[in-house]
Amino acid sequence: MTPNHFVELSTLPSGVLRKVIDAAHAMKAAGRTPTTVAAGKTLAMLFEKPSTRTRFSFDMAMRELGGGTIVAAGSEMQLSRGESLSDTARVMSRYVDAVMIRMLDHDGLKEFAEHATVPVINGLTRDSHPCQIVADLVTVEERLGPLPERTIAWVGDGNNVARTFIEAAGPLGFQVRFATPDAYAVPADIIAAARANGITVTTHTSAADAVAGADVVVTDTWVSMGDADAQERHRLLAPFQVNEALMAKALPSAIFLHCLPAHRNEEVTDAVMDGPQSAVFDEAENRVHAQKAILAYAFGAI
Ligand code: CP
Ligand code: NVA
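Undergrad: Would you explain the environment of Ala30 in this entry?
TA: Summarising the element assignment, Ala30 is placed in helix α1 (residues 16–30). The exposure class assigned to Ala30 is exposed, which follows from its relative accessible area of 63%. In sequence terms Ala30 and Cys259 are 229 residues apart; their C-alpha atoms lie 24 Å from each other.

Undergrad: I keep staring at a negative patch on the surface and nothing clicks. Help me out?
TA: Together, Glu48, Asp105, Asp107, Glu111, Glu114 and Asp127 make up a region of like negative charge exposed at the surface. Tracing the chain through its elements places Glu48 in the loop between β1 (42–47) and α2 (53–64). Classification of Glu48 as partly exposed rests on a relative accessible area of 45%.

Undergrad: What is the right way to read helix α12 (residues 280–298) from this model?
TA: Note that an α-helix has 3.6 residues per turn; residues three or four places apart therefore point the same way. With 19 residues, α12 extends 26 Å from end C-alpha to end C-alpha; this agrees with the ideal 27 Å at 1.5 Å per step. For α12, the buried fraction is high: 15 of the 19 residues fall into the buried class. Once α12 ends, the next one or two residues include Gly300, with phi positive near 75 degrees.

Undergrad: It is not clear to me how the nonpolar core should be interpreted in this structure. Could you clarify?
TA: Soluble globular proteins: nonpolar side chains tend toward being buried together. Ranked by size, the top nonpolar core spans 61 residues in total, and within it Phe6, Leu137 and Phe174 carry the most contacts. Broken down by element, this core gets its largest block of residues, eight residues, from helix α5 (residues 130–144). Setting aside its immediate chain neighbours within four residues, Phe6 contacts Leu12, Val20, Val120, Ile121, Asn122, Pro130, Cys131, Val134, Ile294 and Tyr297. Core analysis: the second largest hydrophobic core is formed by 20 residues, Phe256, Val268, Met273 and Val280 among them.

Undergrad: How should the pairing of strand β3 (residues 98–102) be read in this particular structure?
TA: Regular strands show a simple pattern: their side chains alternate between the two faces of the sheet. Burial analysis of β3 places five of its five residues in the buried class, which makes it a mostly covered element. Bridge count for β3 against strand β4 (residues 120–122) is three bridges, and the pairing is parallel. Opposite Met100, over in β4, you have Ile121 as the bridge partner. Crossover handedness for the path β3 to helix α4 (residues 106–115) to β4: right-handed.

Undergrad: In this structure, what is going on with the site of ligand 2? I would like to understand it.
TA: Residues in contact with ligand 2, as listed here, are Leu124, Asn159, Asn160, Asp220, Thr221, Ser224, Met225 and Leu260. Asn159 is positioned with one of its side-chain polar atoms (N or O) 3.2 Å from a nitrogen atom of ligand 2. Protein contact buries 94% of the 270 Å² of open area that ligand 2 shows by itself.

Undergrad: Explain the sheet that holds strand β9 (residues 255–258) to me, please; I cannot follow it from the model alone.
TA: Across a sheet, strands are paired by hydrogen bonds formed along the backbone, either parallel or antiparallel in direction. As summarised here, the arrangement of the five strands in space is β7-β6-β5-β8-β9, forming an open sheet in which the pairing is parallel. The open sheet terminates on both sides in strands that have one partner only, identified here as β7 (201–204) and β9. Here the strands of the sheet are splayed against their neighbours by 20 degrees on average, with no regard to which way each runs. Pairing analysis gives three bridges linking strand β5 (residues 151–155) to strand β8 (residues 216–219), with the strands arranged parallel. In the strand pairing of β8, Trp154 is matched with Val218. Against the sheet, helix α6 (residues 160–172) touches β5, β6 (175–179), β7 and β8, its axis set at about 165 degrees to β5. This element, helix α7 (residues 188–196), spans β6 and β7 of the sheet and lies at about 150 degrees to β7.

About the criteria used
Residues numbered from 1 in each chain as written. Chains lettered and ligands numbered in written order. Predicted model: local features only at pLDDT ≥ 70, side-chain atom pairs only at ≥ 80, totals over all residues. Heavy atoms only, no water. Helix = DSSP H or I, 4+ residues; strand = E, 2+ residues; numbered from the N terminus. Buried < 20%, exposed > 50% of the residue type's maximum accessible area, 1.4 Å probe, protein only. Patch = residues over 30% accessible without salt bridge, like charges linked within 9 Å, V, L, I, M, F, W, Y side chains within 5 Å. Areas by Shrake-Rupley, 256 points an atom, 1.4 Å probe, with all protein chains shown as cover. Salt bridge = Lys/Arg side-chain N within 4 Å of Asp/Glu carboxyl O. Lys, Arg positive; Asp, Glu negative; His and termini not counted. Charge placed at Lys NZ, Arg CZ, Asp CG, Glu CD. Expected span 1.5 Å × (residues − 1). Core = buried A, V, L, I, M, F, W, Y, C linked by side-chain atoms within 4.5 Å. Contact = heavy atoms within 4.5 Å. Pairing = 2+ DSSP bridges. Right-handed = clockwise from strand over helix to strand, strands pointing away. Near = heavy atom within 4 Å. Polar contact = N/O pair within 3.5 Å; in protein donor to acceptor, adjacent residues only side chain to side chain. Axes fitted to C-alpha atoms, helices over the stretch in contact; angles between N-to-C directions.

Pasting the structure below:
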């Protein structure tokens, strides 16, 4: 039987994303007292790239579910000396109950999942960040209520986090607007596929157009892990800074999200990050509740 992988929102079985978000709300409401959902289980966490939130929130999530973790950097493993992903997946499946991986190569993570006999969770690739989007949508619902018909305006680089929002829009019924420079747009095939699936998505080259009347304004760093063209990115993305003037174009009730880490006064100003519409630290906390729900799904407990 295929394990309950959490690799791409778009390939989850129908209804799972909604179920995971509902579980995250319920787990948050139940508090941080440990449960037995993962009693006796161990999550391995492999990091090819740095992490603060993903690492600590998954570790706390496993502790609160009654289980434990083993953390390793890719550079410390035989992967760094050429052992194949498929052999590593087979071996790790004999040791632990689930594996969370952060690696840039999305196809590599999928290859690992294909050969693992325990659940594999995507802790970020160059193409997607599904655990982040669960936490973000929990945050939107707790601040603004139901998602259907809400408008989420993404401003900046059309990166992994941006692309993952669109995967959730169909199952959950919200609308997405992307404001990006042409050079860093969400790929046209992703936009076309979303539209073909009935998702309302618009693309803009003006941040103000995308944000007008939006419920949620969200951005991310201009230079993601693995990006080499930092100087060009700063030049082309400068008009996409989220500042108070831009936030004023959204609904008065709008919230601001950022997966963090933020580069203050680049993609977002201090005034917005620390302002009354910012939900970024709730969003960061919600990573723990989201991870607990994702792990409960992986372990077949929800
Ligand atoms: N948002 C996020 O994934 O943060 P980390 O890179 O610190 O894990
Ligand atoms: N887009 C960023 C997200 C970091 C959590 C990156 O990939 O570096």
